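Breakdown of the fold
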Amino acid sequence: MEAMIERCAGLDVHQETVVACVLFGPLDKKPKISIETFSTTTTGLLTLSDWLTTLHVSDVVMESIGVYWKPIWNILEGSFHLVLANARHVKNVPGRKTDVKDAEWLTKLLRCGLIENNFVPPEDIRDLRDLTRYRKKLIHHRTSEQNRIHKIFQDANIKLTSVLSDIFGLSGRRILEAILNGEKIETDGLRKMVDWRTKIKYN
């Protein structure tokens, strides 16, 4: 394989450690190799960044495994040309299962330009994406809880949906609070509790 990058690094990322392998030297000769293991704490990742800078590394590759790559990317972004590799595309050959060999294999592929870089949005877009995903989860959880409450009332033969179009609106919450307080609600009392904005179905 023809080398294309003089100084590059491959990172084998785990939850607590990251193994870094650096290949450097003339493109037409066998490269020198340097391997170190670092902690994934902020201090450890800053040490990793300083170590890569000392070796004048220009390109760094890591696999997109879970969320473990994100803190490393955040620390190294802006100082190196980062490549995020799809784990399936850089799967190692059988028999090479150690962390060191995996890091070395990634580095060799990067040095020869054989890794396709996955798209990683800018930091502000990544933050916005995380917020929208979290908001979606919260909405999903809220809907699940509302459905659970609705099922409980149906099991207890309390037909609030026959009276209110939205039992979780302002008026619906007033009625739910009254039920929780043990109050007996008659039709006349229900009329007083229901807000004028709520649609009522009287048959």
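Note on numbering: residues in each chain are counted from 1, in written sequence order. Reporting in this predicted model follows two pLDDT cut-offs: at least 70 for local features of residues, and 80 or more for side-chain atom pairs to be given and counted; totals over whole chains, interfaces and linings ignore these cut-offs and use all residues. Heavy atoms from the whole structure form the basis of all side-chain values; hydrogens and water molecules are not counted.

Let's talk about the nonpolar core
Core analysis: the largest hydrophobic core is formed by 24 residues, its most contacted members being Leu11, Leu48, Leu52, Val60, Met62, Ile72 and Leu76. Strands here are runs of E lasting at least two residues and helices are runs of H or I lasting at least four, both read from the DSSP assignment and numbered beginning at the N terminus. When contributions to this core are tallied by element, the ones reaching two or more residues are strand 1 (7-13), strand 2 (17-24), helix 1 (42-54), strand 4 (59-63), helix 2 (69-76) and strand 5 (81-85). Two residues qualify as a contact provided that any one of their heavy atoms is within 4.5 Å of a heavy atom in the partner residue. With sequence-adjacent residues up to four places away left out, leucine 48 is seen in contact with Leu11, Val18, Ala20, Phe38 and Ile72. To qualify as a nonpolar core, a set must consist of buried Ala, Val, Leu, Ile, Met, Phe, Trp, Tyr and Cys residues joined through side-chain atoms within 4.5 Å. Exposed residues in this analysis have more than 50% of their type's maximum accessible area, buried residues have under 20%, and partly exposed residues fall in between, with area computed by a 1.4 Å probe over protein chains only. Among the nonpolar cores identified, the runner-up in size contains 11 residues, and Ala85, Val90, Trp105 and Leu106 belong to it.

A word on the pairing of strand 5
Burial within strand 5 is extensive, with 4 of its 5 residues counted as buried. Each pair of strands is called paired provided DSSP finds at least two bridges between the two strands. Pairing analysis gives 5 bridges linking strand 4 to strand 5, with the strands arranged parallel. When the bridges of strand 5 are listed, valine 61 appears paired with valine 83.

As for the confidence of the model for the protein chain
Interpretation of the predicted coordinates at a detailed level should be avoided for regions scoring low in pLDDT. pLDDT is a residue-level measure of predictor confidence that goes from 0 to 100. Mean pLDDT over the protein chain: 84, with 87% of residues reaching 70 or higher. Looking at the elements of the protein chain, mean pLDDT is at its lowest for helix 6 (residues 187-193), recorded as 61, and at its highest for helix 1, recorded as 96. Across residues 195-203 the pLDDT falls below 50, and counting only partners more than four positions away or on other chains, this stretch makes 16 contacts in the model.

A word on the environment of tryptophan 69
For tryptophan 69, the position within the fold is in helix 2. Assessed through its relative accessible area of 11%, tryptophan 69 is described here as buried. Taking C-alpha positions, tryptophan 69 is 8.4 Å from histidine 14, a pair spaced 55 residues apart along the chain. Residue contacts for tryptophan 69: discarding those within four places in its chain leaves Val13, Met62, Glu63, Ser64, Leu84 and Val120. Definition of a polar contact: a pair of N or O atoms within 3.5 Å, with one able to donate and the other able to accept a hydrogen when the atoms are protein atoms, and with sequence-neighbouring residues admitted only if both atoms are side-chain atoms. Here the side chain of tryptophan 69 touches glycine 66 through a polar contact of 3.2 Å, landing on its backbone oxygen.

Thoughts on the pattern of salt bridges
Should a side-chain nitrogen of Lys or Arg be within 4 Å of a carboxyl oxygen of Asp or Glu, the pair is scored as a salt bridge. What the rule picks out here adds up to 4 salt bridges. Here glutamate 104 makes a salt bridge to lysine 108, at a shortest N to O gap of 3.3 Å. In this pair, glutamate 104 and lysine 108 are both assigned in helix 3 (residues 99-111), 4 residues apart and thus about one turn of the helix distant. Note on lysine 108: relative accessible area 29%, which makes it partly exposed. One salt bridge in this structure joins glutamate 145 and arginine 148, with 2.5 Å as the shortest N-O distance. Taken as a pair, glutamate 145 and arginine 148 lie in helix 4 (residues 123-155) at a separation of 3 residues, close to a single helical turn.

A word on helix 4
For a helix, the expected span equals 1.5 Å multiplied by the residue count minus one. Over its 33 residues, helix 4 extends 48 Å from the first C-alpha to the last, a length consistent with the 48 Å expected when each residue adds 1.5 Å. At the C-terminal side of helix 4, asparagine 157 shows a positive phi close to 65°.

With respect to a negative patch on the surface
On the surface, a cluster of negative charge is contributed by Glu123, Asp124, Asp127 and Asp130. Tracing the chain through its elements places aspartate 130 in helix 4. Exposure above 30% relative accessible area and no salt bridge define the residues that can form patches, which grow by joining like charges within 9 Å and nonpolar side chains of Val, Leu, Ile, Met, Phe, Trp and Tyr within 5 Å. Note on areas: these come from Shrake-Rupley sampling with a 1.4 Å probe, and a residue is covered only by the protein chains present in the view. Residues scored as charged are limited to Lys and Arg (positive) and Asp and Glu (negative), so that His and the chain ends carry no count. To locate a charge, take NZ of a lysine, CZ of an arginine, CG of an aspartate or CD of a glutamate.

A look at the packing of helix 1 against helix 2
Here an axis means a line fitted to C-alpha atoms, over the contact stretch when the element is a helix, while the angle between two N-to-C directions is reported on a 0 to 180 degree scale. Close contact between helix 1 and helix 2 brings their axes to 10 Å; oriented N to C, the two are set at 50°. Our classification of the angle between helix 1 and helix 2 gives oblique. Helix 2 is crossed by helix 1, and the crossing has right-handed handedness. Touching Thr42, Leu45, Leu46, Leu48, Ser49 and Leu52 of helix 1 are Pro71, Ile72, Ile75 and Leu76, all from helix 2. When residues are sorted by character, Ala, Val, Leu, Ile, Met, Phe, Trp, Tyr, Cys and Pro go into the nonpolar class, Asp, Glu, Lys and Arg into the charged class, and all the rest, Gly among them, into the polar class. Of the residues belonging to the contact of helix 1 with helix 2, the class tally is 8 nonpolar, 2 polar and no charged. What sets the label is the angle itself: under 35 degrees gives roughly parallel, over 145 gives roughly antiparallel, 65 to 115 gives roughly perpendicular, and the rest give oblique. Left-handed is the label given to a crossing in which the near helix is rotated counterclockwise from the far helix by less than a right angle, and right-handed is the label when the rotation is clockwise.

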